[in-house]
Amino acid sequence: MPQMRRWASLQNLLVYGLSGPIIALNVWLLSVFYRYFQHPITILSIAAILAFLLNYPVKFFENARISRTQAVIVVLLLTLTLVVVLGVTLVPIVIDQTIQLLNKIPDWLATSQDNLDYIEALAKKRRLPLDFTVVSNQINANIQSLVQQLASTAVGFAGTLLSGIINVVLVVVLAFYMLLYGDRVWYGLVKLLPLRIRVPLTTSLRLNFQNFFLSQLLLGLFMVVSLTPIFLVLKVPFALVFAIWIGVWELIPFVGATLGIGSVTILLLLQSWWLAVQVALAAIFMQQIKDNLLGPKLLGNFIGLNPIWIFVAILMGFEIAGLLGTLVAVPIAGTIKGTFDALKNSKPRKPVSEITIEPELPIE
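Cut-offs and rules
- Residues numbered from 1 in each chain as written.
- Predicted model: local features only at pLDDT ≥ 70, side-chain atom pairs only at ≥ 80, totals over all residues.
- Heavy atoms only, no water.
- Helix = DSSP H or I, 4+ residues; strand = E, 2+ residues; numbered from the N terminus.
- pLDDT = per-residue confidence, 0-100.
- Contact = heavy atoms within 4.5 Å.
- Expected span 1.5 Å × (residues − 1).
- Bend = angle between axes of the 7 residues up to and from the residue.
- Axes fitted to C-alpha atoms, helices over the stretch in contact; angles between N-to-C directions.
- Parallel < 35°, antiparallel > 145°, perpendicular 65-115°, else oblique.
- Nonpolar A, V, L, I, M, F, W, Y, C, P; charged D, E, K, R; others polar.
- UniProt positions renumbered as here; feature names shortened; annotations may be inferred.
- Core = buried A, V, L, I, M, F, W, Y, C linked by side-chain atoms within 4.5 Å.
- Buried < 20%, exposed > 50% of the residue type's maximum accessible area, 1.4 Å probe, protein only.
- Domains from an automatic or database assignment.

Turning our attention to unusual backbone geometry. A positive phi angle, close to 60 degrees, is found at Lys235, a residue other than glycine. Mapped onto the elements of the fold, Lys235 is located in the loop between helix H5 (195-233) and helix H6 (239-249). Phi at Phe238 is positive, roughly 55 degrees, even though this residue is not glycine. Turning to its location among the elements, Phe238 is positioned in the loop between H5 and H6.

Before going further, it helps to spend a moment on the confidence of the model for the protein. With 72% of its residues at a pLDDT of 70 or more, the protein shows a mean pLDDT of 75. Note on residues 349-364: pLDDT under 50 across the span, and 32 contacts to partners over four residues away in sequence or across chains.

With that settled, the discussion passes to H5. Look at H5: 58 Å from first C-alpha to last across 39 residues, which is about the 57 Å you get at 1.5 Å a residue. Its maximal kink placed at Leu227, H5 deviates by approximately 25 degrees, while the proline Pro229 follows within four residues. Directly beyond the C-terminal end of H5, a positive phi value near 60 degrees is found at Lys235.

Here the focus is the packing of helix H2 (residues 38-62) against H5. Where H2 contacts H5, the two axes come as close as 9 Å, and the packing angle between them is 85 degrees. When the axes of H2 and H5 are compared, the pair comes out roughly perpendicular. Mapping the contact onto sequence places Ile49, Phe52, Leu53, Asn55 and Tyr56 in H2 and Phe209, Gln210, Asn211, Phe213, Leu214 and Leu217 in H5. Considered class by class, the residues forming the contact of H2 with H5 number eight nonpolar, three polar and no charged.

Under the local residue numbering, the UniProt record ascribes the feature "transmembrane region" (unreviewed entry) to residues 12-34, 40-58, 70-95, 154-181, 212-232, 238-259, 266-288 and 308-330. The annotated region residues 70-95 carries 100% helix and 0% strand content, and the separation between its end C-alpha atoms amounts to 35 Å. Taken end to end, residues 308-330 comprises 100% helix and 0% strand; its first and last C-alpha atoms sit 12 Å apart.

Let us look at helix H9 (residues 307-345). Taking 1.5 Å per residue, 39 residues should reach 57 Å; H9 reaches only 23 Å between its end C-alpha atoms and comes up short. By the largest-angle criterion, Ala321 marks the main kink of H9, which is about 145 degrees.

In this section: the nonpolar core. Grouped burial of nonpolar side chains is what soluble globular proteins tend to show. In this structure, Leu227, Phe231, Phe242, Ile246 and Leu268 are the most contacted members of the largest nonpolar core, which totals 23 residues. Looking at this core, the elements that each hand over two or more residues are helix H3 (68-125), H5, H6, helix H7 (256-269) and helix H8 (273-299). Two domains each donate at least three residues to this core, and these are domain 1 (37-192) and domain 2 (194-344). Look past the residues within four positions of Phe231 in its chain and what remains in contact with it is Val236, Ala239, Phe242, Ala243, Ile246 and Val279. In this structure, Ile49, Phe52, Val328 and Val330 belong to the second largest nonpolar core, which totals 19 residues.

Take the environment of Ile289 next. Note on placement: Ile289 falls in helix H8. Ignoring sequence-local partners within four residues, the contact set of Ile289 consists of Phe222 and Leu294.

Written out as structure tokens, the structure reads:
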């Protein structure tokens with residue numbers, strides 16, 4: 001018995017010792033694979049997320065006793081109409097404010113340098129050991145760098161806009177075909193897995209991806225809608241751009257809100273510290289409403305991950321696939337955890353060969 005226990009402990013030691021290098025190697029391979037096929041993977045991922053979200057209204061129209069093809073066409077036409085309306089009304093305003101903001105940043109940096117010089121002069125009069133020379137030199141370097149970048153950005157803006165339009169068309173077309181034929185592709189993929197894994201994997205995947213992205217989009221939209229009028233009342237320059245910026249960062253759980261609010265506050269500090277304080281307090285107040293009142297009702301406990309593991313998942317997702325990795329890291333981690341929990345809690349009642357239950361598909 002002691003020898004068997006030693007052998008078992010040695011086996012466990014080998015498993016735990018080898019798991020770390022194997023995980024690190026897999027993460028590195030995924031990172032290399034993504035960087036090699038970055039553009040097609042990004043297009044496919046965004047199209048899949050869009051198809052997940054649009055599957056809700058498709059099911060709604062299907063309940064009205066029309067065929068799935070007709071429901072997909074109706075939802076796609078409504079989506080394109082919404083995109084065109086936003087493209088005609090909201091997008092030009094956002095682009096115009098963004099360009100003005102980029103042009104204003106060098107002036108704000110110059111203003112902040114004057115403020116630092118004033119503070120340093122006051123400190124010298126009162127014999128306080130304050131020296132902002134390093135900060136001033138860094139601000140000068142940033143001003144020169146920003147001016148050069150703005151000039152090069154203006155030249156490449158037309159090409160970037162054309163590329164973005166083409167990518168949007170590709171995403172919409174792929175999402176349309178995924179809504180029509182995605183269930184067949186998905187079923188073909190899950191058939192390669194053992195039958196015991198199919199049902200918990202598909203159930204956990206649908207629960208995490210659909211609910212997560214729908215909830216995060218609604219929470220981000222809440223921040224945009226609530227902060228825009230507040231910023232306008234406070235007379236914040238480029239209020240719409242700043243509100244949308246914070247709302248977009250809300251898509252990343254836990255750390256996104258802090259990054260979005262923090263970056264806006266730092267930018268406004270270059271212009272007015274009192275305005276920056278007001279914006280930070282207003283944004284934090286709305287964030288607390290979102291996190292404590294809306295978040296629990298929308299998100300619930302369906303992910304069930306410890307916050308530490310959520311941070312680890314976000315960091316690994318960013319290392320592998322950048323911004324896209326941070327967006328999908330949490331639902332992927334939740335899917336893995338949900339699948340393993342279901343496998344641990346399941347007790348097979350009959351042999352695998354006798355089970356004939358088909359898995360529930362994420363897209364019908």
